[in-house]
Amino acid sequence: MKALIIIVLSLAVRLVNAAVWIYVILSWFVRTSPGLVNFYMTLAKFIEPVLAPIRKLMMPLTYRIGLDFSPYVLVLIISFISRFL
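A quick note: this is a predicted structure, and the numbers were derived from the prediction, not measured.

## What to know about the overall build of the chain
Next, step 1: Within the chain, the regular secondary structure consists of three helices and zero strands.
Next, step 2: Radius of gyration (C-alpha) of the chain: 15 Å, far over the 12 Å computed for a compact globule of 85 residues.
Next, step 3: For the chain, the spread of C-alpha atoms along the three principal axes comes to 45 × 35 × 15 Å.
Next, step 4: Considering only intrachain contacts with a sequence separation of at least 6, the fraction spanning at least 24 residues in the chain is 42%.
Next, step 5: As displayed, the chain has an accessible area near 6,700 Å², and 75% of this comes from carbon and sulfur atoms.

Right, dumping it as structure tokens:
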């Protein structure tokens, strides 16, 4: 039973990480491909609420350098939590 829980958690972490990376990559191309808009917006419904608090904390850094590192921070947090568990 314990092994099953570990497998499920590991799979969930991988899926969330993949969703974040796909979201980031699609954000570069969504303006040039109207066909990707629906998929991108669906991912945004799940990922944006998680990224919003991270963006709020990182806002001064984001404005200074002009890059949004919140997806990368989210992936690091998820990886850290998964290793801790």
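## Considering helix H3 (residues 70-84)
Next, step 1: Taking 1.5 Å per residue, 15 residues should reach 21 Å; H3 reaches 21 Å between its end C-alpha atoms and fits that length.
Next, step 2: Looking at the packing, one finds that the buried side of H3 touches helix H1 (2-29) and helix H2 (37-65).

## Section: the side chain of Ser 70
Next, step 1: Topologically, Ser 70 is positioned in helix H3.
Next, step 2: On the basis of relative accessible area, Ser 70 is assigned to the buried category, the value being 0%.
Next, step 3: One polar contact links Ser 70 to Asp 68, side chain to side chain, over a distance of 2.7 Å.

## What to know about the packing of H2 against H3
Next, step 1: Running from N to C, H2 and H3 point in directions that differ by 115 degrees, and their axes come no closer than 9 Å. Comparing the axis directions of H2 and H3 gives the class roughly perpendicular. The handedness of the crossing between H2 and H3 is right-handed. Here Val 50, Leu 51, Ile 54, Arg 55 and Met 58 of H2 lie close against H3, whose contacting residues are Ser 70, Pro 71, Val 73, Leu 74 and Ile 77.
Next, step 2: The residue inventory of the contact of H2 with H3, partitioned by class, reads eight nonpolar, one polar and one charged.

## A short note on the packing of aromatic side chains
Each aromatic ring pair is described using two quantities: the centre-to-centre distance and the angle formed by the ring planes.
Next, step 1: Using the criterion set out here, one finds three aromatic pairs in the structure.
Next, step 2: Ring plane angle 50 degrees and centroid distance 5.3 Å describe the contact between Trp 21 and Tyr 72, whose orientation is recorded as tilted. Placement of the pair is Trp 21 in helix H1 and Tyr 72 in helix H3, with a sequence separation of 51 residues.
Next, step 3: Assessed through its relative accessible area of 37%, Trp 21 is described here as partly exposed.
Next, step 4: Classification of Tyr 72 as partly exposed rests on a relative accessible area of 31%.
Next, step 5: Three or more aromatic residues joined by ring pairs make a cluster, and in this case those are Trp 21, Phe 69 and Tyr 72.

Reading the values: rules and limits
- Each chain carries its own residue numbering, running from 1 in the written order of its sequence.
- The model is predicted, so local features are restricted to residues of pLDDT at least 70 and side-chain atom pairs to those at 80 or more, both for listing and for counting; the totals for chains, interfaces and linings are taken over all residues.
- Values reported for side chains reflect all heavy atoms of the structure, with hydrogen atoms and water molecules removed beforehand.
- Per the convention used, a helix needs a DSSP run of H or I reaching at least four residues, while a strand needs a run of E reaching at least two, with both numbered from the N terminus.
- Radius of gyration means the value over C-alpha atoms here, while the globule rule gives 2.2 Å times the residue count to the 0.38 power.
- Only heavy atoms matter for contacts: two residues are in contact if any of them lie within 4.5 Å across the pair.
- Residue burial considers only the protein chains on display, and all accessible areas are found by Shrake-Rupley using a 1.4 Å probe.
- In this scheme, a helix's expected span is set at 1.5 Å multiplied by one less than its residue total.
- Each residue is placed in one exposure class: buried if its accessible area under a 1.4 Å probe, protein chains only, is under 20% of its type's maximum, exposed if it is over 50%, and partly exposed if it falls in between.
- Two N or O atoms count as a polar contact when they lie within 3.5 Å, although within protein this holds only if one can serve as hydrogen donor and the other as acceptor, and sequence-adjacent residues are included solely when both atoms are side-chain atoms.
- A fitted line through C-alpha atoms represents every axis, and for helices the fit uses only the stretch in contact; the resulting angles, taken between N-to-C directions, go from 0 to 180 degrees.
- Oblique is the label for any angle not under 35 degrees, not over 145, and not in the 65 to 115 range, which are roughly parallel, roughly antiparallel and roughly perpendicular in turn.
- By the definition used in this description, the sense in which the near helix is turned from the far one sets the handedness, with an anticlockwise turn below a right angle giving left-handed and a clockwise turn giving right-handed.
- Amino acids outside the nonpolar list (Ala, Val, Leu, Ile, Met, Phe, Trp, Tyr, Cys, Pro) and the charged list (Asp, Glu, Lys, Arg) are all regarded as polar, and Gly is one of them.
- Aromatic pairing here means that ring centres of Phe, Tyr or Trp (its six-membered ring) are within 6.5 Å. Orientation follows from the plane angle: under 30 degrees is stacked, over 60 is edge-to-face, and everything else is tilted.

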